[in-house]
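Structural characterization, general
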Amino acid sequence: MSRKNRNIYLGKRVKDTGKKGLDNLREVRDICKAILADFKRGRIPYSTAMRRLVFLRTTVIKRSEKLAGKKRKAYAIVREYEKRLRRMKK
């Protein structure tokens, strides 16, 4: 896969607000929206979209010290988008 076709969300397709990196809930929501949009357009299959959402929830949010105190809300946002993705698949 060439570098041009890779899906990089934060900073590329989702505006990075505030400090560098994932540091607020709006960025989490926007990344989730971008992943769902890629699935709707057929750019990525269901399994890839779900993997990216799970990766965001389990790894990125877990390790983000900037989201301290907001992690529960960030998890809830990603969980909601996982449910939406499951409904879209049917």
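Before any of the text, the structure's been laid out above.
Nothing here was measured: the structure is a model prediction, and the numbers come from that model.

**Thoughts on the overall build of the protein**
Scanning the protein for helices and strands turns up three helices and zero strands. The secondary structure elements of the protein, listed N-terminal to C-terminal, are α-α-α. Residues counted as buried form 38% of the 90 residues belonging to the protein. Pairs at least 24 apart in sequence give 59% of the contacts found in the protein among residues at least 6 apart. Total accessible area computed for the protein in this model is approximately 6300 Å², and 50% of it derives from carbon and sulfur atoms.

**Remarks on the pattern of salt bridges**
According to the stated counting rule, one finds six salt bridges in the structure shown. Asp38 is paired through a salt bridge with Arg43; the nearest N and O atoms lie 3.2 Å apart. Given the relative accessible area of 44%, Arg43 is considered partly exposed. One salt bridge in this structure joins Glu80 and Arg84, with 3.6 Å as the shortest N-O distance. One end of the pair is Glu80 and the other is Arg84, both in helix α3 (residues 71–89) and four residues apart, which spans about a single turn. Using a relative accessible area of 30% as the deciding quantity, one classes Glu80 as partly exposed. Each of Asp38, Arg41 and Arg43 takes part in one network of salt bridges that share partners.

**Considering helix α1 (residues 25–41)**
If you check α1, its first and last C-alpha atoms are 24 Å apart, about what 17 residues at 1.5 Å a residue would give, namely 24 Å. Of the positions making up α1, those classed as buried are Leu25, Glu27, Val28, Ile31, Cys32, Ala34, Ile35, Leu36, Ala37, Asp38 and Phe39. Where the residues of α1 are buried, they touch α2 (46–63) and α3. Capping the start of α1, Asn24 holds a side-chain oxygen 3.2 Å from the backbone nitrogen of Arg26, two or three residues further along. Phi turns positive one or two residues past the end of α1, at Gly42, with a value near 85°.

**Here we look at the packing of aromatic side chains**
According to the stated counting rule, one finds one aromatic pair in the structure shown. Ring geometry for Phe39 against Tyr46: centres 6.2 Å apart, planes inclined by 70°, an arrangement best described as edge-to-face. Its guanidinium or amino end placed over the ring of Tyr81, Arg84 lies 4.5 Å from that ring's centre, counting from NZ or CZ. The ring of Tyr46 has Lys89 sitting right over it, with the charged end atom 4.5 Å from the ring centre.

How each quantity is defined
- Residues numbered from 1 in each chain as written.
- Predicted model: local features only at pLDDT ≥ 70, side-chain atom pairs only at ≥ 80, totals over all residues.
- Heavy atoms only, no water.
- Helix = DSSP H or I, 4+ residues; strand = E, 2+ residues; numbered from the N terminus.
- Buried < 20%, exposed > 50% of the residue type's maximum accessible area, 1.4 Å probe, protein only.
- Contact = heavy atoms within 4.5 Å.
- Areas by Shrake-Rupley, 256 points an atom, 1.4 Å probe, with all protein chains shown as cover.
- Salt bridge = Lys/Arg side-chain N within 4 Å of Asp/Glu carboxyl O.
- Expected span 1.5 Å × (residues − 1).
- Polar contact = N/O pair within 3.5 Å; in protein donor to acceptor, adjacent residues only side chain to side chain.
- Phe/Tyr/Trp six-rings, centres within 6.5 Å; stacked < 30°, edge-to-face > 60°.
- Lys NZ or Arg CZ within 6 Å of the ring centre and 35° of its normal.

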